[in-house]
Amino acid sequence: MTISRNVRVFGGLVAAAALTVSLAACSQSTPATNAPADDCVPEHQFSTVNEGELAVGVPTFVPFSEIVDGAPSGIDGDIIAEFAAAECLTIKPVPLDYTGLIPGIQQDRIDVAIGSIYRTAARAEQAGVSAPIYLDQMGLISKDGVVTIEEMKSLNVGAIDGNLWVEDLQKALGGKVTVYPSSSELKQDLEAGRLDVAIDSYGASTLVFKDSDYQVKLIEQTDQIKASIEPGQTSYYFNLKAEDFGDALDAKLEQMHDSGKIAEILEKWGLDASAADVGEPRLL
């Protein structure tokens, strides 16, 4: 079982070009970071692959996850660092692409996989799934700040194959959506003027189009697009046998939701705080 970030293919305006590290090429991890204080007392008791360390599988998908100066960075990097600190663990980042994450968990090379990964029933058969962390919201990229289906009916619209909203978009717009195999073609046609609106993950798009002539807006909720009302939830993945680990991770995520910390981290990285309002857990 391998992971693509989205249901069928890995989308995102940043990710397609960034995921160049294969599992075979990632047999070495970067040095462990963020050593806890000598008097640190962990909030829970559980085992990890290497005692005292949290081995974290880190794919490159800015602004969600990457390794910077030997440590996980981005939204997921900040969240997993909070968990490691609470459990007195030194983080050992392991660079992996998305196809290497579940094999890395199953082979006990990593304790946890991060990187804005959808919660799916298929993956839940292969690895433990944490509580929902944040939503993968639907972003509309245009020069005019388009936010509704009605506005798009008279425009040239493009999306990436495999994203949750594509099928509903096609129905809502009478099949008048150009579907692209990857982010590079979508972005190219938008910038060339062949598209009026490009649709992709809000989080990735806000970074790609920062300081540009384009506006990235959350779609206005509509019954015609299920993902506008119930965006995909993301989770972290871990070994199915590591139940105590999963319980500790869920407890920390619940605490961070209740305190507003996850919303704070999302805003720090340019996402809307509403992405932290995950609702009840659900699997795709």
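Residues numbered from 1 in each chain as written. Predicted model: local features only at pLDDT ≥ 70, side-chain atom pairs only at ≥ 80, totals over all residues. Heavy atoms only, no water.

A. View of unusual backbone geometry. For the bond running from Val62 to Pro63, omega is 10°, close enough to zero to count as cis. With respect to the secondary-structure elements, Pro63 resides in the loop between strand E1 (53–58) and strand E2 (66–68). Residues other than glycine seldom take positive phi values, yet Asp108 does so here, at roughly 60°. Along the chain, Asp108 falls in the loop between helix H3 (101–106) and strand E5 (112–118). Residue Asp108 is classed as partly exposed on the basis of its relative accessible area, which comes to 41%. (Helix = DSSP H or I, 4+ residues; strand = E, 2+ residues; numbered from the N terminus. Buried < 20%, exposed > 50% of the residue type's maximum accessible area, 1.4 Å probe, protein only.)

B. Broad picture of the state of the cysteines. On inspection of all chains with the given rule, the structure shows 1 disulfide. Covalent S-S linkage joins Cys40 and Cys88, the inter-sulfur distance amounting to 1.9 Å. Taking the sign of the torsion about the S-S bond as the criterion, the disulfide between Cys40 and Cys88, at about -80°, is left-handed. Remark: Cys88 occurs in the loop between helix H2 (74–86) and strand E4 (90–95) and Cys40 occurs in the loop between helix H1 (15–18) and E1; sequence separation between them is 48 residues. On the basis of relative accessibility, which here comes to 27%, the residue Cys40 falls in the partly exposed class. (Disulfide = S-S within 2.5 Å.)

C. Molecular detail of the pattern of salt bridges. This model, assessed by the stated rule, comprises 8 salt bridges. The salt bridge partner of Glu82 is Lys261, with a shortest N-O separation of 3.8 Å. Separated by 179 residues along the polypeptide, Glu82 in helix H2 and Lys261 in helix H11 (residues 261–268) bring together distant segments of the chain. Overall, Lys261 belongs to the partly exposed group, its relative accessible area being 23%. Glu191 is the partner of Lys187 in a salt bridge, and the nearest nitrogen-oxygen pair spans 2.9 Å. You can see Lys187 and its partner Glu191 sitting in helix H7 (residues 183–191), 4 residues apart, about one turn around the helix. With relative accessibility at 24%, the residue Lys187 sits in the partly exposed group. In this structure, a network of salt bridges that share partners links the residues Glu82, Lys261 and Glu264. (Salt bridge = Lys/Arg side-chain N within 4 Å of Asp/Glu carboxyl O.)

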